[in-house]
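Tertiary structure, described
Okay, here's what each chain looks like letter by letter:
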Amino acid sequence: MSDSTVTQSEGRTDVAVPQTVTGEVGRGPRGLLGRLRRPRRPRLWFEILLIAVSYWTYSLIRNAVPEQKGKALGNADWIWRVEHALGVAVEQSVNHALNSVTWLIIGMNYYYATLHFVVTLGVLVWLYRWHPGRYAAARLALFATTGVALVGYYLFPLAPPRLMRGGHFVDTVMVHHTWGSMASGDLKHMSNQYAAMPSMHIGWSLWCGLTIFALASVPWARVLGLLYPATTLLVIVATANHFWLDAVGGVLCLAFGFTVARLWYGALPHALPRVVPNAVLCAD
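A few words now on the overall build of the protein chain. Within the protein chain one finds 12 helices and 0 strands. For the protein chain, the α and β elements follow one another from N to C terminus as α-α-α-α-α-α-α-α-α-α-α-α. When burial is assessed residue by residue, the protein chain has 49% of its 284 residues classed as buried. Summarising the internal contacts of the protein chain: among those between residues at least 6 apart in sequence, 83% fall at separations of at least 24. Of the roughly 13,700 Å² that the protein chain leaves accessible, carbon and sulfur atoms contribute 68%.

Take a look at the structure:
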């Protein structure tokens with residue numbers, strides 16, 4: 001995802017700062033609020049601390065949401081009926097078909113458990129290093145996406161397909177004895193198993209994919225950016241951890257996250273300058 005040559009489709013120079021963000025023209029927002037809304041070069045120690053505290057808080061709140069097993073199972077039955085009515089209830093077929101290919105489903109188990117974190121952190125590091133002017137807005141979109149997901153976990157507890165009553169899904173982690181999910185096997189007590197809607201595997205992977213597609217300068221990286229959320233969708237269904245509609249919930253959360261970033265910074269992350277000029281860094 002090298003960005004030694006940045007595409008110029010944005011129609012601005014790399015150091016031009018949107019007027020709606022800086023408030024430099026027309027004496028826009030000033031004071032503390034104005035300073036907070038200006039793109040600025042991120043500070044490494046602050047970002048590491050912020051990400052660590054934020055993820056710890058997110059996990060704490062998510063797992064503190066009452067599991068509501070009965071309601072979650074009932075909601076799963078309702079989702080399954082809705083998908084049948086829409087003609088998109090293919091999760092069971094995908095789950096059984098891919099479970100029959102042992103090496104593939106084991107790989108998907110580990111994909112589900114690891115890439116969700118590894119790729120997201122990797123994209124954040126790439127933004128920090130190569131797109132410091134866009135980093136804060138992209139990070140805000142990701143954080144807002146994750147934050148609104150907590151509302152979904154609280155209001156709509158949902159059992160994953162593998163825990164449905166009479167669903168006949170295969171829990172691929174249990175069957176193949178792999179460490180493939182924080183909600184299965186020996187790790188199931190560390191995570192709320194009934195927080196499947198929305199899917200943050202989709203929310204985060206789509207954030208990564210769109211960010212890479214919008215900002216990467218080499219074609220193969222942009223293609224990989226698009227393939228990543230598509231592959232993640234296949235994985236969450238094949239491992240029976242999510243319904244298709246959970247993915248829709250993740251997309252809606254991401255749309256909310258990008259809307260928050262757009263309102264706060266006056267532009268979507270990819271439309272902001274790649275490099276923050278010194279004038280903005282030193283502005284009061």
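This is not the end of the story, as more comes after the structure.
A cis amide bond, omega 0 degrees, links Met197 with the succeeding residue Pro198. With respect to the secondary-structure elements, Pro198 resides in the loop between helix 8 (172–176) and helix 9 (200–215). If you check the backbone angles, Ala240 has positive phi at about 60 degrees while not being a glycine.

Along its 20 residues, helix 10 (residues 219–238) runs 29 Å from first to last C-alpha, staying within 8% of the 28 Å computed at 1.5 Å per residue. Buried within helix 10 we find Ala221, Gly225, Tyr228, Pro229, Thr232, Val235, Ile236, Val237 and Ala238. Looking at the packing, one finds that the buried side of helix 10 touches helix 5 (91–99), helix 6 (102–130), helix 8, helix 9 and helix 11 (244–265). Immediately beyond the C-terminal end of helix 10, within one or two residues, lies Ala240, with a positive phi of roughly 60 degrees.

This part is about the pattern of salt bridges. Inspection of the entire model under this criterion finds 3 salt bridges. Here Arg139 ties to Glu47 by a salt bridge, and the two come within 2.7 Å at their closest N and O atoms. Taken together, the residues span a long stretch of sequence, with Arg139 in helix 7 (residues 132–155) and Glu47 in helix 3 (residues 44–64) at a distance of 92 residues. Both residues of the pair, Arg139 and Glu47, count as buried. Among the salt bridges present, the one from Asp171 reaches Arg162, with a minimum N-O distance of 3.6 Å. Like Asp171, the residue Arg162 is buried in the burial classification.

Turning our eyes to something else, we now look at the environment of Thr211. Relative to the helices and strands, Thr211 is located in helix 9. In contact with Thr211, other than residues within four places in its own chain, are Val123, Trp126, Leu127 and Ala216. Only 2.7 Å separates the side chain of Thr211 from the backbone oxygen of Trp207, close enough to count as a polar contact.

Turning our attention to the packing of helix 3 against helix 7. The contact between helix 3 and helix 7 brings their axes to 10 Å, and the two run at 10 degrees. Taken together, the axes of helix 3 and helix 7 lie roughly parallel to each other. Residues Phe46, Glu47, Leu50, Ile51, Ser54, Tyr58, Ile61 and Arg62 of helix 3 form the contact with helix 7, whose own contacting residues are Tyr135, Arg139, Phe143, Thr146, Leu150 and Tyr153. Tallied by class, the residues present in the contact of helix 3 with helix 7 amount to 9 nonpolar, 2 polar and 3 charged.

A word on the confidence of the model for the protein chain. Confidence in the prediction for the protein chain averages 83 pLDDT; 77% of positions are at 70 or higher. Predicted confidence is poor over residues 4–29, with pLDDT under 50, and the contacts of this stretch with residues over four places away or in other chains come to 46 contacts.

What follows concerns helix 11. With 22 residues, helix 11 should cover 32 Å at 1.5 Å per step; its first-to-last C-alpha distance of 32 Å lies within 8% of that length. Among all positions in helix 11, only Asp246, Ala247, Gly249, Gly250, Cys253, Leu254, Gly257, Phe258, Ala261 and Tyr265 are buried. One or two positions beyond helix 11, positive phi appears at Gly266, with a value near 80 degrees.

A grouping of Trp220, Val223, Leu224 and Leu227 is seen on the molecular surface, where their side chains present a nonpolar patch of about 420 Å² in accessible area. Along the chain, Leu227 turns up in helix 10.

Val123, Trp126, Leu127, Tyr153, Met200 and Trp207 are the most contacted members of the largest nonpolar core, which totals 38 residues. Those elements giving two or more residues to this core turn out to be helix 5, helix 6, helix 7, helix 9, helix 10 and helix 11. Among the elements that take part in this core, helix 6 stands out by supplying 8 residues, more than any other. If we skip the residues at most four places from it in the chain, Leu127 touches Pro132, Tyr135, Ala138, Trp207, Thr211 and Leu215. If you look at the next biggest cluster of nonpolar residues, it comprises 15 residues, including Ile79, Ala159, Ala196 and Ala240.

Basis of the calculations
Residues numbered from 1 in each chain as written. Predicted model: local features only at pLDDT ≥ 70, side-chain atom pairs only at ≥ 80, totals over all residues. Heavy atoms only, no water. Helix = DSSP H or I, 4+ residues; strand = E, 2+ residues; numbered from the N terminus. Buried < 20%, exposed > 50% of the residue type's maximum accessible area, 1.4 Å probe, protein only. Contact = heavy atoms within 4.5 Å. Areas by Shrake-Rupley, 256 points an atom, 1.4 Å probe, with all protein chains shown as cover. Expected span 1.5 Å × (residues − 1). Salt bridge = Lys/Arg side-chain N within 4 Å of Asp/Glu carboxyl O. Polar contact = N/O pair within 3.5 Å; in protein donor to acceptor, adjacent residues only side chain to side chain. Axes fitted to C-alpha atoms, helices over the stretch in contact; angles between N-to-C directions. Parallel < 35°, antiparallel > 145°, perpendicular 65-115°, else oblique. Nonpolar A, V, L, I, M, F, W, Y, C, P; charged D, E, K, R; others polar. pLDDT = per-residue confidence, 0-100. Patch = residues over 30% accessible without salt bridge, like charges linked within 9 Å, V, L, I, M, F, W, Y side chains within 5 Å. Core = buried A, V, L, I, M, F, W, Y, C linked by side-chain atoms within 4.5 Å.

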